[in-house]
Amino acid sequence: MSAGTTDPALGGLDGEELRGLLLSRILDVPDYPKPGVMFKDITPLLADAAAFGALTHALAELCAKHGATKVVGLEARGFILAAPAAVRAGIGFVPVRKAGKLPGATLGQAYELEYGTAEIEIHVDALEPGDRVLVIDDVLATGGTAEASLRLIRRAGAEVAGVAVLLELGFLDGRGRLLPTLDSAPLEALITI
């Protein structure tokens, strides 16, 4: 898309205008949660109806673009972005939670952390064969949780339509970690830093 043209998929904003709006509402918080970390706080974006609406619209359009029939949101901030995008796209929302947080029968997937392991879960009946699932999260950092969610989706019998994130921290190379597991499914980042 050339500069100055608008894309209806972005709520009337062109890609650069959307990126600028979203970036202007993300607050840098130094030394949180520990010294040396620059935390990207999206709560100001969520509090701005226009920015949150533009983000929701863009994510819903990615659902349509990739033929998603369900959206998976990753705990916890992914829930905030994925649920309204699913509603706007007219498709179902499925939460992926930390182990032990969902009632009833679940399917789990362990993954490696920098110092140890973690596990995420989904309800065993949340996805069906034939579902095309778009994973939505706020930030792609090292890619561990997103990678585990892709494995979980496939183990549940569904197809991965792709991954969409508000913000990709390119210097942490989560994309590199995800590429083999994506298996040609797209990874869409609205902002990459």
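Rules used in this analysis
Residues numbered from 1 in each chain as written. Predicted model: local features only at pLDDT ≥ 70, side-chain atom pairs only at ≥ 80, totals over all residues. Heavy atoms only, no water. Helix = DSSP H or I, 4+ residues; strand = E, 2+ residues; numbered from the N terminus. Expected span 1.5 Å × (residues − 1). Buried < 20%, exposed > 50% of the residue type's maximum accessible area, 1.4 Å probe, protein only. Core = buried A, V, L, I, M, F, W, Y, C linked by side-chain atoms within 4.5 Å. pLDDT = per-residue confidence, 0-100. Contact = heavy atoms within 4.5 Å. Salt bridge = Lys/Arg side-chain N within 4 Å of Asp/Glu carboxyl O. Phe/Tyr/Trp six-rings, centres within 6.5 Å; stacked < 30°, edge-to-face > 60°. Pairing = 2+ DSSP bridges.

Overview of helix α5 (residues 144-155)
In this model, α5 (12 residues) spans 17 Å end to end at C-alpha, consistent with the 16 Å of a helix rising 1.5 Å per residue. Within α5, the full set of buried residues consists of G144, A146, E147, A148, S149, L150, L152 and I153. Note on α5: the residue one or two positions beyond its end, G157, has a positive phi of about 95°.

Quick word on the nonpolar core
One finds L59, I136 and L166 to be the most contacted residues of the largest nonpolar core, which totals 28 residues. For this core, the secondary-structure elements that each account for two or more residues are α1 (15-24), α3 (49-65), α4 (77-89), β7 (132-140) and β8 (159-168). With 7 residues, the top contributor of residues to this core is α3. Listed in part, the 27 residues of the second largest apolar core include L107, I153, A156 and V160.

Considering the confidence of the model for the protein chain
Of all residues in the protein chain, 94% attain a pLDDT of 70 or more, and the chain-wide mean is 93. Contacts from residues 1-9, a stretch scored under 50 in pLDDT, to residues over four places away or in other chains number 17 contacts.

A word on the pattern of salt bridges
Enumeration over the complete set of coordinates arrives at 10 salt bridges. Across the salt bridge formed by D48 and R25, the nearest N and O atoms sit 2.7 Å from each other. With D48 in the loop between α2 (43-47) and α3 and R25 in the loop between α1 and β1 (27-30), the pair connects residues that are 23 residues apart, well separated along the chain. The exposure class assigned to R25 is partly exposed, which follows from its relative accessible area of 27%. Salt-bridge contacts for K40 lead to D28; the nearest nitrogen and oxygen are separated by 2.5 Å. Highlighted residues: K40 in strand β2 (residues 38-41) and D28 in strand β1, separated in sequence by 12 residues.

Concerning the packing of aromatic side chains
Aromatic ring pairs are defined here through the distance separating the ring centres and the angle between the ring planes. Scanning the model with the defined rule gives 2 aromatic pairs in all. Note on Y32 and F39: the rings are 5.2 Å apart at their centroids and 80° apart in plane angle, and the pair reads as edge-to-face. Residue classification places Y32 among the partly exposed positions, given a relative accessible area of 44%.

Notes on the pairing of strand β6 (residues 116-123)
In this structure, strand β4 (residues 92-98) lies alongside β6, joined through 2 bridges in antiparallel fashion. When the bridges of β6 are listed, K98 appears paired with I120. Sheet topology places strand β5 (residues 106-113) next to β6; 8 bridges connect them, and they run antiparallel. Each residue of the ladder has a partner; that of Y111, found in β6, is A118. Adjacent in sequence and paired antiparallel, β5 and β6 are bridged by 2 residues.

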